[in-house]
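# Working through the structure, step by step
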Amino acid sequence: MYFFIMAAAAFLAGLAINTFLRNRMNELVREAESIEHTGFGFFRQMKLRYENCLKMGHEINNTTAFAEKYLDKYKIYGVKLSNFEKVSAFASGMCVVCGICGALLDKSHTMEYLLVGFLAMYIISGTRRLIDIPGKKEKITVNLVDYFENRFPAATAEPPRRTEREQEDGPQVKKSRPKEFSAEEKKLIDEILREYLG
């Protein structure tokens, strides 16, 4: 009976962790898609770090590596995403262990223990695969690389600065100066006008 309870506890813990992971990964994907206007602290810091690297003169030749490396540092309550995955895998393993131990100790319910243990393991593993964490990480990386390589330079480009005199004069208006003609050109124009106008 104790092994049933332990298997059930491990099963519930695994499902809770998988649900938590799914919600967090969906949030990361959403924020990465709208990274230009994101209020998400993790991506804001990432953008700031990228900008500081460029300002300091460090060239970032491999944006994909930069995005993946920074994404690996993402923590939830001080715990990395990969550690949550490990805990989920551990919970599914515990379900099998509890099932086998229960089957060995209680011969009259061997099939029930084994069935519960393996079924719980498959459900936890299946829900973790449905989340598709590697696929979502790849999608986030693609969005980040697209932003930093294609849209970031345009967003940070500064407009040309105007002098104090130009700012006092108001909006810039291009003033065209009349072209000055030489004496020979003036003489030629006068002759052409006399010929055609009489």
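To keep things clear, this report deals only with the structure shown in the data block.

Conventions we followed
- Residues numbered from 1 in each chain as written.
- Predicted model: local features only at pLDDT ≥ 70, side-chain atom pairs only at ≥ 80, totals over all residues.
- Heavy atoms only, no water.
- Patch = residues over 30% accessible without salt bridge, like charges linked within 9 Å, V, L, I, M, F, W, Y side chains within 5 Å.
- Areas by Shrake-Rupley, 256 points an atom, 1.4 Å probe, with all protein chains shown as cover.
- Salt bridge = Lys/Arg side-chain N within 4 Å of Asp/Glu carboxyl O.
- Helix = DSSP H or I, 4+ residues; strand = E, 2+ residues; numbered from the N terminus.
- Buried < 20%, exposed > 50% of the residue type's maximum accessible area, 1.4 Å probe, protein only.
- Expected span 1.5 Å × (residues − 1).
- Arc of directions from axis to C-beta.
- Axes fitted to C-alpha atoms, helices over the stretch in contact; angles between N-to-C directions.
- Parallel < 35°, antiparallel > 145°, perpendicular 65-115°, else oblique.
- Contact = heavy atoms within 4.5 Å.
- Nonpolar A, V, L, I, M, F, W, Y, C, P; charged D, E, K, R; others polar.
- Lys, Arg positive; Asp, Glu negative; His and termini not counted.
- Charge placed at Lys NZ, Arg CZ, Asp CG, Glu CD.
- Phe/Tyr/Trp six-rings, centres within 6.5 Å; stacked < 30°, edge-to-face > 60°.
- Core = buried A, V, L, I, M, F, W, Y, C linked by side-chain atoms within 4.5 Å.

### Considerations on a nonpolar patch on the surface
Together, Ile100, Leu104, Leu105, Phe118 and Tyr122 make up an exposed nonpolar region whose accessible area comes to about 540 Å². Listing elements by their share of the nonpolar patch, those giving two or more residues are helix H4 (81-105) and helix H5 (110-131). Element by element, the count of residues in the nonpolar patch is highest for H4, at three residues. Counting through the fold element by element, Leu104 comes out in helix H4. In this structure Leu104 comes out as exposed when scored by relative accessible area, which is 56%.

### Let's talk about H5
The end-to-end C-alpha distance of H5 is 32 Å, a good match for the 32 Å that 22 residues give at a rise of 1.5 Å each. Within the sequence span of H5, burial applies to Tyr113, Gly117, Ala120, Met121, Ile124, Ser125, Arg128 and Ile131. All buried residues of H5 fall inside an arc of 120° around its axis, so they share one side. In this structure, H5 carries Met111, Leu115, Tyr122, Arg129 and Leu130 as exposed residues pointing more than 90 degrees from its buried face.

### Quick word on the packing of H4 against H5
Two elements in contact, H4 and H5, have axes separated by 6 Å at closest approach and are oriented at 170°. Judged by the inter-axis angle, H4 sits roughly antiparallel to H5. Each of Glu85, Ser88, Ala89, Ala91, Ser92, Cys95, Val96, Cys98, Gly99, Ile100, Gly102 and Ala103 in H4 lies in contact with H5, whose residues at this interface are Thr110, Tyr113, Leu114, Gly117, Phe118, Ala120, Met121, Ile124, Ser125 and Arg128. Residues belonging to the contact of H4 with H5 are distributed by class as follows: 13 nonpolar, seven polar and two charged.

### Details of a positive patch on the surface
There is a patch of like positive charges on the surface, built from Arg49, Lys69, Lys73, Lys75, Lys80 and Lys86. Counting through the fold element by element, Lys80 comes out in strand S2 (residues 79-80).

### Some remarks on the side chain of Asn143
Tracing the backbone through its elements, the reader meets Asn143 in helix H6 (residues 133-156). Filtering out sequence-adjacent residues up to four positions away, Asn143 remains in contact with Ala32, Glu33 and Arg151.

### Things to note about the packing of aromatic side chains
Note on aromatic pairs: each is described by the distance of the centres and the angle between the planes. All told, the structure shown has 13 aromatic pairs when counted by the stated rule. With a centroid separation of 5.1 Å and an interplanar angle of 40°, the aromatic rings of Phe42 and Tyr70 are classed as tilted. Taken together, the residues Phe42 in helix H2 (residues 41-55) and Tyr70 in helix H3 (residues 63-72) connect sequence positions 28 residues apart.

### Considering the nonpolar core
By size, the foremost hydrophobic cluster in this structure holds 30 residues, and its most contacted members are Leu28, Phe43, Met46, Ile140, Leu144 and Phe148. Residue contributions to this core peak at seven residues, all from H6. In terms of nonpolar packing, the next biggest core, distinct from the first, is built from five residues, Ala91, Cys95, Ala120 and Ile124 among them.

### Observations regarding the pattern of salt bridges
In total, this model carries two salt bridges according to the counting rule given. Close ionic contact of Glu27 with Arg24 constitutes a salt bridge, the shortest N to O distance being 3.6 Å. Taken together, the positions of Glu27 and Arg24, both in helix H1 (residues 2-33) and three residues apart, correspond to about one turn of that helix. Among the residues examined, Glu27 registers a relative accessible area of 23% and is labelled partly exposed. Between Glu33 and Lys139 there is a salt bridge, with the nearest N and O atoms lying 3.6 Å from each other. With a gap of 106 residues between them, Glu33 in helix H1 and Lys139 in helix H6 connect regions that are remote in the sequence. On the accessibility criterion, Glu33 (44% relative accessible area) is partly exposed. The exposure class assigned to Lys139 is partly exposed, which follows from its relative accessible area of 44%.

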